[in-house]
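Residue-level structural notes
Letter by letter, the chains look like this.
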Amino acid sequence: MTRRCVCPGSYDPVTLGHVDAIRRAASLFDEVVVAVLHNPAKQGVFTPDERRALIEDALGDLPGVSVEVFGGRLLVDVCREVGADVVVKGLRSDTDFAYELPMALMNRHLTGVETVFLPGEPSLAHVSSSLVKEVARYGGDVSGLVTDRVRDELAARLTPR
Ligand code: PNS
């Protein structure tokens, strides 16, 4: 039986913390679907397709991993559509846990989908998409927190000229 999981997120943009969690999910499951779940009401820095391209670039050709965009959908419906009964998420802190736990319980309530939490790599515990964007917006250096391509794209879009 093929074990498939979903790694969901906004990924605006993907960080090296996300990459670490996805790589580790790929070592635990036969197939990983990285689901870019964008909220159509929220304007991001990157379009959903740009986010997908940046994730694909960051992961290289990791076997068994695919990246797909799903707009305005429940995560449990995405899981059903791709045939996954497990969600995998990285946790950086107890604050993350407090945010993720109700969603994990709600998802299990809705369809029985389980959530597996992976402890985040400690050296990346301070890395989030929103903080990376804020640092880049004011011209700070985000090298080592995101891929070089994401760093360069953020600088091109956000750095004041
Ligand atoms: O990277 P993020 O912003 O922490 O990801 C949050 C995300 C996209 C995984 C979450 O908001 C989500 O699952 N959205 C899809 C809509 C949904 O299913 N909402 C109910 C969750 S209980």
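What counts and how
Residues numbered from 1 in each chain as written. Predicted model: local features only at pLDDT ≥ 70, side-chain atom pairs only at ≥ 80, totals over all residues. Heavy atoms only, no water. Near = heavy atom within 4 Å. Polar contact = N/O pair within 3.5 Å; in protein donor to acceptor, adjacent residues only side chain to side chain. Areas by Shrake-Rupley, 256 points an atom, 1.4 Å probe, with all protein chains shown as cover. Helix = DSSP H or I, 4+ residues; strand = E, 2+ residues; numbered from the N terminus. Nonpolar A, V, L, I, M, F, W, Y, C, P; charged D, E, K, R; others polar. Buried < 20%, exposed > 50% of the residue type's maximum accessible area, 1.4 Å probe, protein only. Pairing = 2+ DSSP bridges. Right-handed = clockwise from strand over helix to strand, strands pointing away. Axes fitted to C-alpha atoms, helices over the stretch in contact; angles between N-to-C directions. Contact = heavy atoms within 4.5 Å. Parallel < 35°, antiparallel > 145°, perpendicular 65-115°, else oblique. Left-handed = near helix turned anticlockwise from the far one by under 90°. Salt bridge = Lys/Arg side-chain N within 4 Å of Asp/Glu carboxyl O.

Take the site of the ligand next. The ligand sits among Pro8, Gly9, Ser10, Leu37, Arg73, Leu74, Leu75, Lys89, Tyr99, Met103, Met106 and Asn107. Note that an oxygen atom of the ligand is positioned 2.5 Å from one of the side-chain N or O atoms of Ser10. One of the backbone nitrogen or oxygen atoms of Leu75 is found 2.8 Å away from an oxygen atom of the ligand. For the ligand, whose unbound accessible area comes to 550 Å², protein coverage reaches 72%. Of all the elements in the fold, those that place two or more residues in the shell around the ligand are β1 (4-9) and α4 (94-111). For the shell around the ligand, the element with the highest residue contribution is α4, accounting for four residues. Its residues assigned to classes, the shell around the ligand comprises seven nonpolar, three polar and two charged.

Moving on, we get to the pairing of strand β2 (residues 31-38). In terms of burial, β2 is a largely internal element, six of the eight residues being buried. Here six bridges tie β1 to β2, and the two strands are oriented parallel to one another. Directly across from Cys5, in β2, lies its bridge partner Val32. Remark: the β1/helix α1 (residues 16-28)/β2 crossover connection has right-handed handedness. Tracing the backbone out of β2, into helix α2 (residues 48-59) and back to the parallel element strand β3 (residues 65-71) gives a crossover that is right-handed.

On to the sheet that holds β1. Spatially, the five strands line up as an open sheet ordered β3-β2-β1-β4-β5, and their pairing is parallel. Looking at strand neighbours, the two that pair on one side only are β3 and β5 (114-119), the edges of this open sheet. Each neighbouring strand pair of the sheet contributes to a mean axis angle of 30°, computed without reference to strand direction. Against the sheet, helix α3 (residues 75-82) engages β1, β2, β3 and β4 (86-91), with an angle of about 145° to β1.

Orientation of α3 relative to α4, taken along the N-to-C sense of each, is 55°, at an axis distance of 9 Å. Between α3 and α4, the angle falls in the class oblique. Here α3 and α4 pass one another in a crossing that is right-handed. Along its contact with α3, which presents Leu75, Val76 and Arg80, the element α4 presents Asn107, Leu110 and Thr111. Each residue belonging to the contact of α3 with α4 can be placed in one class, and the counts come to three nonpolar, two polar and one charged.

Right, let's get into the pattern of salt bridges. If you walk through the whole model with that rule in mind, you get 16 salt bridges. Across the pair Glu50 and Arg157 runs a salt bridge whose closest N-O atoms are separated by 3.0 Å. Taken together, the residues Glu50 in helix α2 and Arg157 in helix α6 (residues 148-158) connect sequence positions 107 residues apart. Using a relative accessible area of 37% as the deciding quantity, one classes Arg157 as partly exposed. Residues Arg151 and Asp152 are paired through a salt bridge, measuring 3.0 Å at the closest nitrogen-oxygen approach. The exposure class of Arg151 is partly exposed, given its relative accessible area of 26%. Residue Asp152 is classed as partly exposed on the basis of its relative accessible area, which comes to 44%.

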